[in-house]
Amino acid sequence: MTAFTDITGSPEACGVLLGQVTAHTLRRRVEDTRVIQSKNSIPDARIEARVEQFKSNLLRVAPGWLEELLGMAGAAGVDPDDLLMMNCLPSEFYTPAAGNCTTFIEIGEAENRLFKIRDERNRAQMFYIHNADTAPRYQVGRDIGNLGIAHFLNEHGVAGANNTGSYTDCVSGAPWLNDCLVLRYFAEKAQTVDDIPELYRHLIDERVAGGAGEGRGAIYICADQHRGLILECVEKDCVATFLDHGTHVVSNHFLSPKARTWCTRTPHKNTVRRKERMEFLLDRHGRPPGLTDVFAWSRDRKHVPHALCNDNTDHFWMTISAQLHVIPRAAPEASVNYMCCGNTRHSLYIPVPLSECESFLPLLDGTFYEQADALYREYHCSPHMRSIQRRFEREIKEGNTKERTWYAHAMETLRNVANGKN
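This is a predicted model, so every value here is computed, not measured.

Basis of the calculations
- Residues numbered from 1 in each chain as written.
- Predicted model: local features only at pLDDT ≥ 70, side-chain atom pairs only at ≥ 80, totals over all residues.
- Heavy atoms only, no water.
- Helix = DSSP H or I, 4+ residues; strand = E, 2+ residues; numbered from the N terminus.
- Rg over C-alpha atoms; globule rule 2.2 N^0.38 Å.
- Buried < 20%, exposed > 50% of the residue type's maximum accessible area, 1.4 Å probe, protein only.
- Contact = heavy atoms within 4.5 Å.
- Lys, Arg positive; Asp, Glu negative; His and termini not counted.
- Charge placed at Lys NZ, Arg CZ, Asp CG, Glu CD.
- Arc of directions from axis to C-beta.
- Pairing = 2+ DSSP bridges.
- Axes fitted to C-alpha atoms, helices over the stretch in contact; angles between N-to-C directions.
- Core = buried A, V, L, I, M, F, W, Y, C linked by side-chain atoms within 4.5 Å.
- Polar contact = N/O pair within 3.5 Å; in protein donor to acceptor, adjacent residues only side chain to side chain.
- 1 Å grid on protein atoms, 1.4 Å probe; cavity = no way out; pocket = protein on both sides within 12 Å on 5 of 7 lines; lining within 4 Å.
- Points joined across faces, edges and corners; volume = space filled by probe spheres on them.
- Nonpolar A, V, L, I, M, F, W, Y, C, P; charged D, E, K, R; others polar.

Engineer: Go over the overall build of the protein chain with me, naming the residues and quoting the values.
Structural biologist: Helix and strand counts for the protein chain stand at 13 helices and 16 strands. Its C-alpha atoms give the protein chain a radius of gyration of 20 Å, within 12% of the compact-globule value 22 Å for 422 residues. Taking the principal axes of its C-alpha atoms as reference, the protein chain extends roughly 55 × 50 × 40 Å. Residue burial in the protein chain is summarised as follows: out of 422 residues, 60% are buried. Here the analysis covers contacts within the protein chain between residues at least 6 apart in sequence; of these, 71% occur between residues at least 24 apart. Here the protein chain holds 48 positive side-chain charges and 54 negative ones, and the gap between their average locations is 6 Å.

Written as C-alpha coordinates, this is what we have:
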(Lines give C-alpha, C1' and ligand atoms only; values in the text may rest on other atoms or scores of the structure.)
Protein backbone atom coordinates (compact mmCIF):
# COMPACT_ATOMS: atom_id res chain seq x y z
CA MET A 1 0.00 0.00 0.00
CA THR A 2 1.33 3.46 -0.90
CA ALA A 3 1.73 6.38 1.52
CA PHE A 4 -1.80 7.48 0.58
CA THR A 5 -4.92 5.39 0.24
CA ASP A 6 -8.57 5.95 -0.60
CA ILE A 7 -11.33 5.02 1.87
CA THR A 8 -14.12 4.96 -0.67
CA GLY A 9 -16.94 2.82 -2.06
CA SER A 10 -19.82 1.13 -0.29
CA PRO A 11 -19.98 1.22 3.53
CA GLU A 12 -18.84 -2.42 3.59
CA ALA A 13 -15.91 -1.67 1.25
CA CYS A 14 -14.86 1.25 3.45
CA GLY A 15 -15.07 -1.03 6.49
CA VAL A 16 -12.86 -3.65 4.86
CA LEU A 17 -10.19 -1.05 4.11
CA LEU A 18 -10.38 0.35 7.63
CA GLY A 19 -10.21 -3.12 9.17
CA GLN A 20 -7.19 -4.09 7.09
CA VAL A 21 -5.07 -1.10 8.13
CA THR A 22 -6.11 -1.02 11.81
CA ALA A 23 -6.36 -4.76 12.49
CA HIS A 24 -3.58 -4.97 15.07
CA THR A 25 -4.90 -2.01 17.10
CA LEU A 26 -8.51 -3.22 16.90
CA ARG A 27 -7.59 -6.68 18.17
CA ARG A 28 -5.54 -5.20 21.00
CA ARG A 29 -8.36 -2.86 22.03
CA VAL A 30 -10.88 -5.73 22.08
CA GLU A 31 -8.52 -7.73 24.30
CA ASP A 32 -7.98 -4.79 26.66
CA THR A 33 -11.73 -4.17 26.87
CA ARG A 34 -12.42 -7.80 27.77
CA VAL A 35 -9.76 -7.63 30.50
CA ILE A 36 -11.50 -4.60 32.04
CA GLN A 37 -14.88 -6.35 31.79
CA SER A 38 -13.49 -9.31 33.73
CA LYS A 39 -11.77 -7.08 36.30
CA ASN A 40 -15.03 -5.19 36.94
CA SER A 41 -17.09 -8.40 37.03
CA ILE A 42 -19.51 -7.24 34.35
CA PRO A 43 -21.42 -10.31 33.12
CA ASP A 44 -21.49 -11.28 29.45
CA ALA A 45 -25.29 -11.27 29.49
CA ARG A 46 -25.32 -7.55 30.34
CA ILE A 47 -22.94 -6.76 27.49
CA GLU A 48 -24.85 -8.95 25.04
CA ALA A 49 -28.19 -7.31 25.86
CA ARG A 50 -26.72 -3.85 25.29
CA VAL A 51 -25.15 -4.94 22.00
CA GLU A 52 -28.49 -6.20 20.70
CA GLN A 53 -30.31 -3.01 21.67
CA PHE A 54 -27.54 -0.86 20.21
CA LYS A 55 -27.61 -2.83 16.97
CA SER A 56 -31.36 -2.30 16.72
CA ASN A 57 -30.89 1.45 17.21
CA LEU A 58 -28.29 1.64 14.45
CA LEU A 59 -30.52 -0.29 12.06
CA ARG A 60 -33.19 2.40 12.49
CA VAL A 61 -31.08 5.49 11.86
CA ALA A 62 -27.70 4.48 10.36
CA PRO A 63 -27.78 0.97 8.82
CA GLY A 64 -24.72 1.75 6.70
CA TRP A 65 -22.62 1.94 9.86
CA LEU A 66 -23.46 -1.69 10.60
CA GLU A 67 -22.40 -2.67 7.10
CA GLU A 68 -19.15 -0.80 7.62
CA LEU A 69 -18.60 -2.47 10.98
CA LEU A 70 -19.17 -5.95 9.52
CA GLY A 71 -16.59 -5.26 6.81
CA MET A 72 -14.16 -3.91 9.39
CA ALA A 73 -14.58 -6.86 11.73
CA GLY A 74 -14.12 -9.41 8.96
CA ALA A 75 -10.97 -7.74 7.66
CA ALA A 76 -9.49 -7.32 11.15
CA GLY A 77 -10.37 -10.84 12.32
CA VAL A 78 -12.53 -9.79 15.26
CA ASP A 79 -16.11 -10.57 16.27
CA PRO A 80 -18.52 -7.84 15.05
CA ASP A 81 -20.24 -7.93 18.44
CA ASP A 82 -16.92 -7.04 20.08
CA LEU A 83 -16.71 -3.87 17.99
CA LEU A 84 -20.32 -3.06 18.82
CA MET A 85 -19.61 -3.70 22.50
CA MET A 86 -16.84 -1.08 22.55
CA ASN A 87 -19.31 1.52 21.31
CA CYS A 88 -22.07 0.87 23.88
CA LEU A 89 -20.31 0.00 27.13
CA PRO A 90 -22.29 0.32 30.39
CA SER A 91 -21.60 3.37 32.53
CA GLU A 92 -19.80 1.42 35.26
CA PHE A 93 -17.21 0.13 32.80
CA TYR A 94 -14.81 3.07 33.24
CA THR A 95 -14.19 5.78 35.79
CA PRO A 96 -16.87 8.47 35.30
CA ALA A 97 -15.73 11.48 33.28
CA ALA A 98 -15.18 14.76 35.14
CA GLY A 99 -14.57 16.93 32.10
CA ASN A 100 -12.74 16.97 28.82
CA CYS A 101 -12.33 19.04 25.62
CA THR A 102 -12.05 22.81 25.19
CA THR A 103 -13.46 24.50 22.08
CA PHE A 104 -13.88 27.94 20.63
CA ILE A 105 -15.87 29.14 17.64
CA GLU A 106 -15.14 32.44 15.92
CA ILE A 107 -17.46 34.07 13.40
CA GLY A 108 -15.34 36.65 11.59
CA GLU A 109 -15.64 39.01 8.65
CA ALA A 110 -13.51 36.98 6.23
CA GLU A 111 -13.60 33.48 7.72
CA ASN A 112 -15.17 31.36 10.41
CA ARG A 113 -13.11 29.14 12.69
CA LEU A 114 -13.77 26.15 14.89
CA PHE A 115 -11.01 24.94 17.23
CA LYS A 116 -11.21 21.95 19.55
CA ILE A 117 -8.65 20.46 21.93
CA ARG A 118 -9.69 16.90 22.64
CA ASP A 119 -9.01 15.28 26.03
CA GLU A 120 -9.85 11.61 26.50
CA ARG A 121 -8.30 8.30 27.49
CA ASN A 122 -4.97 7.61 25.85
CA ARG A 123 -6.05 5.39 22.97
CA ALA A 124 -4.55 5.24 19.48
CA GLN A 125 -6.03 8.02 17.34
CA MET A 126 -6.60 8.09 13.60
CA PHE A 127 -7.22 10.80 11.02
CA TYR A 128 -8.50 10.08 7.53
CA ILE A 129 -10.90 11.15 4.79
CA HIS A 130 -14.10 9.10 4.70
CA ASN A 131 -15.52 8.95 1.17
CA ALA A 132 -18.30 6.34 1.21
CA ASP A 133 -20.84 6.52 -1.60
CA THR A 134 -23.70 6.91 0.91
CA ALA A 135 -22.60 10.21 2.49
CA PRO A 136 -20.70 13.39 1.68
CA ARG A 137 -16.92 13.15 1.94
CA TYR A 138 -15.65 14.23 5.34
CA GLN A 139 -12.46 14.38 7.37
CA VAL A 140 -12.48 12.20 10.48
CA GLY A 141 -10.62 12.45 13.78
CA ARG A 142 -11.31 9.66 16.29
CA ASP A 143 -9.84 6.81 18.32
CA ILE A 144 -9.39 3.50 16.50
CA GLY A 145 -12.38 1.29 17.33
CA ASN A 146 -14.78 4.21 17.78
CA LEU A 147 -17.66 4.00 15.31
CA GLY A 148 -18.35 7.67 16.02
CA ILE A 149 -16.10 10.68 15.53
CA ALA A 150 -14.66 13.55 17.61
CA HIS A 151 -13.80 16.11 14.89
CA PHE A 152 -15.17 16.53 11.37
CA LEU A 153 -15.09 18.78 8.32
CA ASN A 154 -17.40 17.68 5.52
CA GLU A 155 -17.40 18.50 1.81
CA HIS A 156 -20.12 21.14 2.29
CA GLY A 157 -17.75 23.14 4.48
CA VAL A 158 -19.52 22.22 7.73
CA ALA A 159 -17.18 21.63 10.67
CA GLY A 160 -18.13 19.96 13.93
CA ALA A 161 -16.85 19.09 17.38
CA ASN A 162 -18.39 17.41 20.44
CA ASN A 163 -17.77 18.21 24.09
CA THR A 164 -19.03 16.40 27.18
CA GLY A 165 -21.81 18.47 28.75
CA SER A 166 -23.03 19.14 32.30
CA TYR A 167 -23.99 16.63 34.95
CA THR A 168 -27.70 15.90 34.54
CA ASP A 169 -30.43 13.42 35.39
CA CYS A 170 -31.76 13.77 31.82
CA VAL A 171 -29.30 11.25 30.32
CA SER A 172 -29.66 7.57 31.12
CA GLY A 173 -27.17 4.75 30.73
CA ALA A 174 -29.12 3.13 27.87
CA PRO A 175 -27.19 2.15 24.70
CA TRP A 176 -28.37 5.06 22.58
CA LEU A 177 -26.15 6.99 20.18
CA ASN A 178 -23.46 8.67 22.28
CA ASP A 179 -21.99 12.09 21.52
CA CYS A 180 -19.38 10.73 19.07
CA LEU A 181 -22.02 8.80 17.12
CA VAL A 182 -24.36 11.79 17.04
CA LEU A 183 -21.52 13.95 15.70
CA ARG A 184 -20.95 11.44 12.91
CA TYR A 185 -24.65 11.58 12.09
CA PHE A 186 -24.29 15.35 11.68
CA ALA A 187 -21.16 14.95 9.53
CA GLU A 188 -23.05 12.72 7.11
CA LYS A 189 -26.34 14.62 7.02
CA ALA A 190 -25.70 18.35 7.48
CA GLN A 191 -25.25 20.66 4.50
CA THR A 192 -25.35 23.74 6.75
CA VAL A 193 -25.37 24.30 10.51
CA ASP A 194 -29.05 25.22 10.18
CA ASP A 195 -29.77 21.53 9.50
CA ILE A 196 -28.28 20.28 12.75
CA PRO A 197 -30.99 21.00 15.36
CA GLU A 198 -33.59 19.21 13.25
CA LEU A 199 -31.22 16.29 12.75
CA TYR A 200 -30.92 15.98 16.52
CA ARG A 201 -34.66 16.24 16.99
CA HIS A 202 -35.05 13.39 14.51
CA LEU A 203 -32.80 11.25 16.71
CA ILE A 204 -34.96 12.22 19.71
CA ASP A 205 -38.09 11.18 17.79
CA GLU A 206 -36.43 7.85 16.95
CA ARG A 207 -35.57 7.43 20.65
CA VAL A 208 -31.87 6.91 19.99
CA ALA A 209 -30.37 10.25 21.15
CA GLY A 210 -27.93 9.84 24.03
CA GLY A 211 -25.39 11.99 25.85
CA ALA A 212 -21.71 11.65 26.70
CA GLY A 213 -22.35 8.86 29.18
CA GLU A 214 -24.84 8.23 31.96
CA GLY A 215 -25.54 11.45 33.83
CA ARG A 216 -23.69 13.69 31.34
CA GLY A 217 -25.18 15.82 28.59
CA ALA A 218 -23.50 16.61 25.29
CA ILE A 219 -22.53 19.84 23.54
CA TYR A 220 -22.02 20.12 19.79
CA ILE A 221 -20.16 23.10 18.37
CA CYS A 222 -20.44 23.55 14.60
CA ALA A 223 -19.60 26.13 11.93
CA ASP A 224 -20.08 26.73 8.22
CA GLN A 225 -19.37 29.67 5.92
CA HIS A 226 -22.33 31.68 7.25
CA ARG A 227 -22.60 31.15 10.99
CA GLY A 228 -21.92 28.98 13.99
CA LEU A 229 -23.97 26.85 16.36
CA ILE A 230 -23.76 25.64 19.95
CA LEU A 231 -26.21 22.78 20.50
CA GLU A 232 -26.66 21.69 24.13
CA CYS A 233 -28.35 18.31 24.42
CA VAL A 234 -29.89 15.72 26.69
CA GLU A 235 -31.82 12.63 25.62
CA LYS A 236 -35.19 14.27 25.05
CA ASP A 237 -34.41 17.91 24.42
CA CYS A 238 -31.87 20.36 23.05
CA VAL A 239 -31.12 24.08 22.95
CA ALA A 240 -29.76 25.61 19.75
CA THR A 241 -27.82 28.86 20.02
CA PHE A 242 -26.91 30.23 16.58
CA LEU A 243 -23.91 32.55 16.38
CA ASP A 244 -23.68 35.28 13.75
CA HIS A 245 -20.71 37.21 15.14
CA GLY A 246 -18.07 37.12 17.83
CA THR A 247 -16.01 34.47 19.57
CA HIS A 248 -17.45 31.91 21.97
CA VAL A 249 -15.69 29.39 24.23
CA VAL A 250 -17.19 26.07 25.32
CA SER A 251 -15.76 23.53 27.74
CA ASN A 252 -17.89 20.97 29.61
CA HIS A 253 -20.85 22.72 31.16
CA PHE A 254 -24.08 24.07 29.74
CA LEU A 255 -24.30 27.83 29.21
CA SER A 256 -27.83 28.68 28.03
CA PRO A 257 -30.53 29.42 30.65
CA LYS A 258 -32.73 26.51 29.57
CA ALA A 259 -29.90 23.97 29.47
CA ARG A 260 -28.76 25.03 32.95
CA THR A 261 -32.13 23.89 34.30
CA TRP A 262 -31.14 20.33 33.37
CA CYS A 263 -28.00 20.44 35.54
CA THR A 264 -27.72 18.54 38.80
CA ARG A 265 -24.35 19.96 39.90
CA THR A 266 -22.48 23.21 39.67
CA PRO A 267 -19.73 23.14 37.02
CA HIS A 268 -16.56 21.29 38.00
CA LYS A 269 -13.48 23.44 38.71
CA ASN A 270 -11.74 21.78 35.77
CA THR A 271 -14.27 22.90 33.15
CA VAL A 272 -14.47 26.44 34.58
CA ARG A 273 -10.71 26.92 34.65
CA ARG A 274 -10.23 25.75 31.06
CA LYS A 275 -13.00 27.99 29.74
CA GLU A 276 -11.58 31.00 31.57
CA ARG A 277 -8.07 30.30 30.34
CA MET A 278 -9.12 30.03 26.71
CA GLU A 279 -11.13 33.25 27.01
CA PHE A 280 -8.12 34.99 28.53
CA LEU A 281 -5.83 33.89 25.69
CA LEU A 282 -8.36 34.98 23.06
CA ASP A 283 -8.80 38.37 24.72
CA ARG A 284 -5.06 38.99 24.58
CA HIS A 285 -4.94 38.64 20.79
CA GLY A 286 -6.44 40.41 17.82
CA ARG A 287 -9.15 39.00 15.60
CA PRO A 288 -8.54 36.57 14.15
CA PRO A 289 -5.62 35.29 16.26
CA GLY A 290 -2.61 34.01 14.34
CA LEU A 291 -2.48 30.34 13.43
CA THR A 292 0.68 29.75 15.43
CA ASP A 293 -0.91 31.47 18.45
CA VAL A 294 -3.85 29.05 18.35
CA PHE A 295 -1.49 26.10 17.96
CA ALA A 296 0.47 27.29 21.01
CA TRP A 297 -2.72 27.56 23.10
CA SER A 298 -3.32 23.84 22.63
CA ARG A 299 -0.02 23.31 24.49
CA ASP A 300 -0.81 25.69 27.35
CA ARG A 301 -0.20 24.22 30.81
CA LYS A 302 -1.48 27.03 33.03
CA HIS A 303 -3.53 25.77 36.01
CA VAL A 304 -2.37 22.11 35.79
CA PRO A 305 -4.17 19.74 36.39
CA HIS A 306 -6.94 21.95 34.97
CA ALA A 307 -5.00 22.99 31.89
CA LEU A 308 -5.80 23.27 28.19
CA CYS A 309 -3.06 20.68 27.53
CA ASN A 310 -3.19 17.71 29.88
CA ASP A 311 -1.33 14.54 30.66
CA ASN A 312 -2.85 11.67 32.61
CA THR A 313 -0.77 11.76 35.78
CA ASP A 314 -3.50 13.51 37.80
CA HIS A 315 -6.58 12.07 36.07
CA PHE A 316 -7.33 9.40 33.50
CA TRP A 317 -7.81 11.76 30.57
CA MET A 318 -5.18 13.62 28.59
CA THR A 319 -4.86 15.75 25.47
CA ILE A 320 -4.84 13.41 22.47
CA SER A 321 -5.65 15.63 19.46
CA ALA A 322 -6.64 19.10 18.30
CA GLN A 323 -8.09 20.51 15.09
CA LEU A 324 -8.55 24.04 13.78
CA HIS A 325 -11.06 24.34 10.93
CA VAL A 326 -10.72 27.55 8.90
CA ILE A 327 -13.70 28.21 6.58
CA PRO A 328 -13.46 31.23 4.23
CA ARG A 329 -16.87 32.88 4.07
CA ALA A 330 -16.64 33.71 0.38
CA ALA A 331 -15.09 30.39 -0.71
CA PRO A 332 -15.88 27.47 1.64
CA GLU A 333 -14.38 25.06 -0.91
CA ALA A 334 -10.99 26.53 0.07
CA SER A 335 -11.41 25.52 3.72
CA VAL A 336 -8.39 24.07 5.51
CA ASN A 337 -8.25 21.79 8.55
CA TYR A 338 -5.10 22.20 10.62
CA MET A 339 -5.05 18.88 12.44
CA CYS A 340 -2.77 17.67 15.22
CA CYS A 341 -2.86 13.92 15.95
CA GLY A 342 -1.39 13.06 19.34
CA ASN A 343 -0.66 14.94 22.52
CA THR A 344 -0.15 18.50 21.32
CA ARG A 345 3.21 18.89 23.06
CA HIS A 346 4.56 15.95 21.11
CA SER A 347 2.92 16.33 17.71
CA LEU A 348 2.64 18.81 14.84
CA TYR A 349 -0.18 20.58 13.06
CA ILE A 350 -0.61 19.50 9.43
CA PRO A 351 -2.77 21.43 6.93
CA VAL A 352 -5.42 19.31 5.22
CA PRO A 353 -7.39 21.11 2.47
CA LEU A 354 -11.08 20.35 2.12
CA SER A 355 -10.38 19.16 -1.44
CA GLU A 356 -8.20 16.28 -0.19
CA CYS A 357 -9.70 12.87 -0.99
CA GLU A 358 -6.97 10.42 0.01
CA SER A 359 -5.68 9.50 3.46
CA PHE A 360 -2.07 9.45 4.67
CA LEU A 361 -1.50 5.88 5.80
CA PRO A 362 0.46 6.58 9.04
CA LEU A 363 -2.38 8.86 10.20
CA LEU A 364 -4.98 6.29 9.17
CA ASP A 365 -3.45 3.21 10.79
CA GLY A 366 -2.38 4.84 14.07
CA THR A 367 1.38 4.81 13.39
CA PHE A 368 1.61 8.60 13.53
CA TYR A 369 -0.20 8.72 16.86
CA GLU A 370 1.94 5.93 18.29
CA GLN A 371 5.09 7.87 17.39
CA ALA A 372 3.77 10.98 19.14
CA ASP A 373 2.65 8.87 22.10
CA ALA A 374 6.12 7.33 22.44
CA LEU A 375 7.48 10.87 22.82
CA TYR A 376 4.77 11.69 25.35
CA ARG A 377 5.65 8.63 27.43
CA GLU A 378 9.31 9.61 27.45
CA TYR A 379 8.99 13.36 27.99
CA HIS A 380 5.48 13.73 29.49
CA CYS A 381 4.41 17.35 28.96
CA SER A 382 7.82 18.99 28.86
CA PRO A 383 8.44 21.71 26.22
CA HIS A 384 11.24 19.70 24.60
CA MET A 385 9.78 20.13 21.09
CA ARG A 386 8.86 23.81 21.36
CA SER A 387 11.43 25.20 18.92
CA ILE A 388 10.85 22.37 16.42
CA GLN A 389 7.09 22.91 16.52
CA ARG A 390 7.42 26.66 16.08
CA ARG A 391 9.68 26.26 13.08
CA PHE A 392 7.54 23.59 11.42
CA GLU A 393 4.27 25.41 11.99
CA ARG A 394 5.69 28.76 10.90
CA GLU A 395 6.60 27.09 7.61
CA ILE A 396 3.02 25.82 7.30
CA LYS A 397 1.65 29.32 7.76
CA GLU A 398 3.97 30.67 5.09
CA GLY A 399 3.70 27.74 2.66
CA ASN A 400 1.19 26.05 0.35
CA THR A 401 -1.42 24.26 2.44
CA LYS A 402 -2.23 21.97 -0.50
CA GLU A 403 1.30 20.55 -0.58
CA ARG A 404 1.16 16.87 0.43
CA THR A 405 4.78 16.76 1.56
CA TRP A 406 3.70 18.20 4.93
CA TYR A 407 2.51 14.72 5.98
CA ALA A 408 5.82 12.96 5.39
CA HIS A 409 7.75 15.95 6.73
CA ALA A 410 5.80 15.79 10.00
CA MET A 411 6.29 12.04 10.35
CA GLU A 412 10.02 12.34 9.67
CA THR A 413 10.31 15.16 12.21
CA LEU A 414 8.73 13.07 14.98
CA ARG A 415 11.05 10.16 14.18
CA ASN A 416 14.07 12.44 14.22
CA VAL A 417 13.07 13.77 17.65
CA ALA A 418 12.67 10.21 18.93
CA ASN A 419 16.14 9.38 17.60
CA GLY A 420 17.69 12.42 19.25
CA LYS A 421 18.05 14.48 16.09
CA ASN A 422 16.91 18.11 15.92
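Resuming the write-up.
Engineer: Hey, could you go over helix 6 (residues 196-205) for me, with residue numbers and the actual values?
Structural biologist: For helix 6, the set of buried residues is Ile196, Pro197, Leu199, Tyr200, Leu203 and Ile204. Buried residues in helix 6, looked at end-on, bunch into an arc of 160°, giving them a common side. Turned more than 90 degrees away from the buried face of helix 6 sit Glu198 and Asp205, all of them exposed. Against helix 2 (44-61), helix 5 (179-189), strand 9 (216-223), strand 10 (228-234) and strand 11 (237-243) lie the buried residues of helix 6. Of the residues one or two after helix 6, Arg207 is the one with positive phi, at around 60°.

Engineer: Account for the sheet that holds strand 10, with residues named and values stated.
Structural biologist: Taking strand neighbours across the sheet as the criterion, the eight strands line up as 2-5-6-7-8-9-10-11 in an open arrangement whose pairing is mixed. Since the sheet does not close on itself, it has two edges, and those belong to strand 2 (7-9) and strand 11, each with one partner. Going across the sheet, the axis of each strand differs from the next one's by a mean of 20°, ignoring polarity. Bridging between strand 6 (residues 138-143) and strand 7 (residues 151-154) involves four bridges; their strand directions are antiparallel. The partner of Tyr138 across the bridge, within strand 7, is Asn154. Helix 5 contacts strand 5 (125-132), strand 6, strand 7, strand 8 (159-167), strand 9 and strand 10 of the sheet and is inclined by roughly 5° relative to strand 7.

Engineer: Which residues make up the sheet that holds strand 3 (residues 102-107), and what values do they have?
Structural biologist: Spatially, the six strands line up as an open sheet ordered 12-3-4-13-14-15, and their pairing is antiparallel. Where the open sheet ends on each side, the last strands, each with one partner, are strand 12 (246-250) and strand 15 (349-353). Shown here is a sheet whose adjacent strand axes are inclined to one another by a mean of 15°, direction ignored. Here six bridges tie strand 3 to strand 4 (residues 111-120), and the two strands are oriented antiparallel to one another.

Engineer: Could you give an account of the nonpolar core, naming the residues involved and the relevant values?
Structural biologist: Among the nonpolar cores identified, the biggest contains 112 residues, and Phe186 and Tyr200 are the most heavily contacted of them. Each residue touching Phe186, except ones within four places of it in the same chain, is listed here: Phe152, Asn154, Ile196, Leu199, Tyr200, Tyr220 and Leu231. By size, the runner-up hydrophobic cluster in this structure holds 20 residues, among which are Val250, Phe254, Ala259 and Leu354.

Engineer: Quick rundown of the environment of Gly215? Include the residues and the values.
Structural biologist: As for its position among the elements, Gly215 is in the loop between helix 6 and strand 9. In this structure Gly215 touches Ser166, Tyr167, Thr168 and Val171, once residues within four positions along its chain are discounted.

Engineer: Can you tell me about helix 5, naming the residues and giving the values?
Structural biologist: Spacing of three or four residues puts side chains on the same side of an α-helix, whose turn is 3.6 residues. Most of helix 5 is tucked away: ten of the eleven residues are buried. For helix 5, the full list of buried residues reads Asp179, Cys180, Leu181, Val182, Leu183, Arg184, Tyr185, Phe186, Ala187 and Glu188. Near the N-terminus of helix 5, the side chain that reaches the backbone nitrogen of Cys180, with its oxygen 3.1 Å away, is that of Asn178.

Engineer: With reference to specific residues and values, describe empty space enclosed by the protein.
Structural biologist: Tallied over the full model, the rule gives two cavities of 30 Å³ or more. As a volume, the largest cavity reaches approximately 90 Å³. Lining the largest cavity are 13 residues; nearest its centre among them are Leu26, Met72, Arg142, Gly145 and Asn146. Looking at the lining of the largest cavity element by element, the count peaks at three residues for helix 1 (residues 11-39). By residue class, the composition of the lining of the largest cavity is eight nonpolar, four polar and one charged. As for the second largest cavity, its lining consists of Gln125, Met126, Phe127, Gly141, Arg142, His151, Ser321, Gln323, Met339, Cys340 and Cys341. Of the residues in the lining of the second largest cavity, the class split is five nonpolar, five polar and one charged.

Engineer: Tell me what's going on with the side chain of Arg184, and back it up with residues and numbers.
Structural biologist: Residue placement: Arg184 occurs in helix 5. Among the polar contacts listed, one links the side chain of Arg184 to the side chain of Tyr138, at a separation of 3.1 Å. Residues in contact with Arg184, not counting those within four places in the same chain, are Trp65, Glu68, His130, Tyr138, Arg142, Leu147, Gly148 and Ile149.

Engineer: I'd like to hear about unusual backbone geometry, residue by residue, with values.
Structural biologist: Here the amide bond leading from Arg287 into Pro288 is cis, since omega sits at -5°, within 30 degrees of zero. Tracing the chain through its elements places Pro288 in the loop between helix 8 (269-283) and helix 9 (291-297). The omega torsion of the bond from Val304 to Pro305 falls at 10°, within 30 degrees of zero and hence cis. The residue Pro305 is located in the loop between helix 9 and strand 13 (318-328) in this model. Even without glycine at this site, Cys101 takes up a positive phi of about 80°. Take Cys101: it is sitting in the loop between helix 4 (80-86) and strand 3. In this structure, His303 is a non-glycine residue whose phi angle is positive, near 75°. Note on placement: His303 falls in the loop between helix 9 and strand 13. Judged by its relative accessible area of 30%, His303 is partly exposed.

In short, shape yes, function no, at least from these values alone.
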